[in-house]
Amino acid sequence: MQLIQNYVNGKIVGPRSDAYLDNFEPATGEVYSQIADSDERDVQLAIDAAKAAFPAWSNTSAEDRFAILMRLCGLIERDLEALAQAESRDNGKPVTLARSIDIPRAIANFRFYATAAMHLSNESHETVGRNAINYTLRQPLGVVGCISPWNLPLYLFTWKIAPAIAAGCTVVAKPSEVTPMTAYMLSKLCIEAGLPPGVLNIVHGLGPKVGSAIVAHRDTKAISFTGGTKTGEEIARVAAPMFKKLSLELGGKNPNIIFADCDYDEMLATTIRSSFSNQGEICLCGSRIFVERPIYERFRTDFVERVGKLKVGDPKDETTDVGAIVSKQHFDKIMSYIELAQAEGGTILCGGHKSEPPALASGQSDGTAANWPPANAGGSDGIGGFFIEPTVIEGLPHDCRTNQEEIFGPVVTIMPFDTEDEVLAYANSVRYGLSATVWTENLSRAHRMAAALESGIVWINCWLLRDLRTPFGGVKDSGLGREGGFEALRFFTEEKNVCLKI
Ligand code: NAD
């Protein structure tokens, strides 16, 4: 069985413990590889390597960093198909999505920061009348920690690593233990690209063992984390007394607000995507759909009809719209929220059940319909793969638990509203504030809503239309700080002002 090992000091190495964890394939529920069960000893080795690499790397010219990162881009591009297949198998997402979004975005992340590093400039201030000039140095922090989640594995992993390396830092990184495969493949590409040993170190394993050791270590100067709010709280608790810089991208419960004057067809098509792309496992998905009353009935009918046509199936199948849920644990969590919604008085308009596992295409496992479920099935009720029908629920108040807590799956609620003030109150009633979507052709209303919504990102008449130069992040319990653009490069540097009297 394939072993997923650490990447430390330029080499692929096993964990000090010699222990491995099972890595499951969500579409079959079967173990298909094993991942290093690392601990603080492996983290220490990685930090030692990163510290040793820092003086040389931080003194490498921006042009040289650019050249290495662009080489890495070329290698990811060369292996795009293999990486997409691996991402789909590891996460359960449709391969079409991994091929069109996840892996191209990993390439874009490296390319964006390879070039951005060449354009980062420092300020200077002429202090007129006092014969002085101030200039500000922007120096890389040193060793930094990057910790990422399972929903967009290589996409979010590289979104952190690329600016850190480009800024001149050296990195100890931990991908999610639920989806480690593409990070492992990346480590091999880093070796091939000639990234100097120790510049990037990848330690695999469990969050409370590996992630917490990275956060707790005195020598990691900053932590860039994407994941759940609860984990973010724990990281902040440990890191704050050491005054580490923190970038925390956390959970969401995003509103999708639909006014009657919207471009209806465009809204409907996009709302299908914003609800169920990646099985609803995108932090930006709009899980609370508020519809202005004059078009509520029409929307309800059309939306449910369209959702019912989504094909839940084998992630490898090119025609699949909705793949497998990432893990048994997450599958159980989502199903428990569907039960809760019903207990809270919600009506399920479509979906609501686990989906029968599809007949999987051959060549990757023996999980065909004929021998289903596999003997060691990890799924609920003896079912191997973790599939859930896209689910639409109505009849719930905005303040019930179903509408307040993050579900992070193919489950949305729909609710009517009458006025702008009312829907703003509903939208802002949650502890989260990551993103919001507004559909209206009324320009003044669009600006009013954008200003009043408590969220870090507002999409108007679109969703997930990304420009990597823009600040990305949430307010309230959705996090701290912003990723993207020069902001991320600045995060990985420390400013030092020099005042020179002439
Ligand atoms: P998670 O918090 O369970 O895990 C994220 C990462 O943190 C993993 O690598 C995990 O091993 C590690 N970790 C766990 N405990 C740790 C600890 N004590 N110290 C340090 N590291 C630790 O999150 P998840 O389940 O992998 O991801 C889903 C969550 O991520 C959702 O809440 C989702 O909204 C959020 N998310 C947010 C964004 C964003 O940009 N705001 C993007 C994607 C996902």
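How each quantity is defined
Every residue gets a number counted from 1 within its own chain, in the order that chain's sequence is written. Given that this is a predicted model, residues contribute local features only at a pLDDT of at least 70 and side-chain atom pairs are listed and counted only at 80 or more, while totals for whole chains, interfaces and linings are drawn from all residues. Only hydrogens and water are removed before side-chain values are computed, so all heavy atoms of the structure are retained for them. Criterion used throughout: strands pair if DSSP finds at least two bridges between them. Per the convention used, a helix needs a DSSP run of H or I reaching at least four residues, while a strand needs a run of E reaching at least two, with both numbered from the N terminus. For every element, the axis is a line fit to its C-alpha atoms; helices are fit only across the contacting stretch, and the angle between N-to-C directions ranges from 0 to 180 degrees. Near, as used in this document, describes a residue that has one of its heavy atoms within 4 Å of the molecule or strand being considered. Polar contacts, as used here, are pairs of N or O atoms within 3.5 Å; protein pairs need one atom able to donate a hydrogen and one able to accept it. Residues neighboring in sequence count only if both atoms are side-chain atoms. What sets the accessible areas is the Shrake-Rupley method with a 1.4 Å probe; for residues, cover comes only from the shown protein chains. Lys, Arg, Asp and Glu make up the charged group, whereas Ala, Val, Leu, Ile, Met, Phe, Trp, Tyr, Cys and Pro make up the nonpolar group; the residues left over, Gly among them, are polar. For every domain, the bounds stem from an assignment made automatically or drawn from a database. Only one rule defines a salt bridge in this text: a Lys or Arg side-chain nitrogen within 4 Å of an Asp or Glu carboxyl oxygen. When accessible area is computed with a 1.4 Å probe and restricted to protein chains, residues below 20% of their type maximum are described as buried, those above 50% as exposed, and intermediate ones as partly exposed. What pLDDT expresses is the predictor's confidence in each residue, scored from 0 to 100. Pairs of residues are marked as contacts when any of their non-hydrogen atoms sit within 4.5 Å. Each angle is binned into one of four classes, with values under 35 degrees roughly parallel, values over 145 roughly antiparallel, values of 65 to 115 roughly perpendicular, and all other values oblique. Like-charged residues are merged into a patch within 9 Å and nonpolar side chains (Val, Leu, Ile, Met, Phe, Trp, Tyr) within 5 Å, provided each residue has over 30% relative accessible area and no salt bridge. When charges are counted, Lys and Arg contribute as positive and Asp and Glu as negative, whereas His and the chain ends are disregarded. Charged side chains are reduced to one point each, which is NZ for Lys, CZ for Arg, CG for Asp and CD for Glu. For any pair of parts, buried area is found by adding up, for both, the accessible area (1.4 Å probe) each one loses once the two are put together. Helix span is expected to be 1.5 Å times the residue number reduced by one.

Considerations on the sheet that holds strand β6 (residues 124-127)
- The antiparallel open sheet is built from 3 strands, whose spatial order is β6-β7-β23. This sheet does not close on itself; its edge strands, each paired only once, are β6 and β23 (493-501). Strand after strand, the sheet turns through a mean of 20 degrees between neighbouring axes, direction not considered.
- Here 4 bridges tie β6 to strand β7 (residues 132-140), and the two strands are oriented antiparallel to one another. What sits directly across from S124, in β7, is Y135.

Description of the site of the ligand
- As a structural note, the neighbourhood of the ligand is formed by 30 residues, with S148, E177, T231, L250 and E406 the closest of them.
- Between the ligand and G207, the relevant distance is 3.3 Å, taken from an oxygen atom to a main-chain nitrogen or oxygen of the residue.
- Within the backbone of S212, an N or O atom sits 3.4 Å from a nitrogen atom of the ligand.
- Contact with the protein chains covers 88% of the free accessible surface of the ligand, which is 850 Å².
- Elements with a contribution of two residues or more to the shell around the ligand: α7 (207-216), β11 (222-226) and α8 (229-239).
- The greatest single-element share of the shell around the ligand, amounting to 4 residues, is contributed by α7.
- Across the shell around the ligand, the residue classes break down as 13 nonpolar, 12 polar and 5 charged.
- Per-domain counts for the shell around the ligand show at least three residues from each of domain 1 (2-250 + 478-501) and domain 2 (254-468).

Quick look at the pattern of salt bridges
- All chains considered together, the criterion is met by 29 salt bridges.
- R99 is the salt-bridge partner of E81, the closest N and O atoms lying 2.8 Å from each other. Placement of the pair is E81 in helix α3 (residues 80-91) and R99 in helix α4 (residues 95-116), with a sequence separation of 18 residues.
- Residue class for R99 comes out partly exposed when judged on its relative accessible area of 25%.
- Measuring nitrogen to oxygen at the nearest pair gives 2.6 Å for the salt bridge that ties K328 to D332. Of this pair, K328 and D332 both sit in helix α11 (residues 328-343), 4 residues apart, which is roughly one turn of that helix.
- On the accessibility criterion, K328 (29% relative accessible area) is partly exposed.
- D332 sits in the partly exposed class, given a relative accessible area of 30%.

A short note on the confidence of the model for the protein
- On average, residues of the protein carry a pLDDT of 95, and 95% of them reach 70 or more.
- Note on residues 362-383: pLDDT under 50 across the span, and 51 contacts to partners over four residues away in sequence or across chains.

Description of the sheet that holds strand β5 (residues 30-36)
- The 3 strands lie next to each other as β1-β5-β4, forming an open sheet whose pairing is mixed. Every other strand in the sheet has two partners, leaving β1 (2-4) and β4 (20-25) as the edge strands with one partner each. Taking each pair of neighbouring strands and ignoring which way they run, the sheet shows an average axis angle of 40 degrees.
- Where β1 and β5 come together, 3 bridges link them in parallel fashion. Residue pairing in the sheet places Q2 in a bridge with S33 of β5.
- Packed on one face of the sheet, helix α6 (residues 181-193) meets β1 and β5 and runs near 80 degrees to β1.

Remarks on the packing of α3 against α6
- In the contact formed by α3 and α6, the axes pass within 8 Å of each other and the chain directions differ by 150 degrees. It follows that α3 is roughly antiparallel to α6 by the angle criterion. Packed against α3, whose contacting residues are A82, L83, A86, E87 and D90, the element α6 presents M181, T182, M185 and L189 at the interface.

A word on the environment of R16
- Here R16 is to be found in the loop between β3 (11-13) and β4.
- Along the sequence, R16 and D42 sit 26 residues apart, while their C-alpha atoms lie 6.3 Å from each other.
- Leaving out residues up to four positions away in the same chain, R16 has contacts with R41, D42 and L45.

Examining a nonpolar patch on the surface
- Taken together, the side chains of Y135, L500 and I502 define a hydrophobic patch exposed on the protein surface, amounting to about 320 Å² of accessible area.
- Here Y135 is to be found in strand β7.
- For Y135, a relative accessible area of 34% gives the class partly exposed.

As for the environment of C285
- With respect to the helices and strands, the residue C285 is situated in the loop between α9 (264-276) and β14 (286-292).
- C285 sits in the buried class, given a relative accessible area of 6%.
- Considering only alpha carbons, one finds C285 and V307, 22 residues apart in sequence, at a separation of 15 Å.
- Filtering out sequence-adjacent residues up to four positions away, C285 remains in contact with N254, S274, S275, S277, G280 and W463.

Observations concerning a negative patch on the surface
- The grouping of D263, D265, E266 and E441 at the surface amounts to a negative patch.
- Along the chain, D265 turns up in helix α9.

Details of the domain arrangement of the protein
- Taken domain by domain, the protein comprises domain 1 (2-250 + 478-501) and domain 2 (254-468).
- When each unit is reduced to the centre of its C-alpha atoms, the spacing between domain 1 and domain 2 is 29 Å.
- Facing the 34 residues of domain 1 at the interface are 39 residues of domain 2.
- A buried area of about 2800 Å², summed over both sides, lies between domain 1 and domain 2, and 55% of it is on carbon and sulfur atoms.
- The largest contributions to the domain 1 side of the interface with domain 2 come from A27, W150 and S478, which together make up 19% of the buried area.

So, α11
- Under the 1.5 Å per step criterion, the end-to-end length of α11 is 22 Å for 16 residues, consistent within 8% with the ideal 22 Å.
- When we look at burial in α11, the residues that qualify are H330, F331, I334, M335, Y337, I338, L340 and A341.
- Tucked into the core, α11 has its buried residues touching β15 (347-350), β16 (391-394), α12 (401-404) and β17 (411-417).
- Looking one or two places after α11, you find G345, whose phi comes out positive at around 105 degrees.

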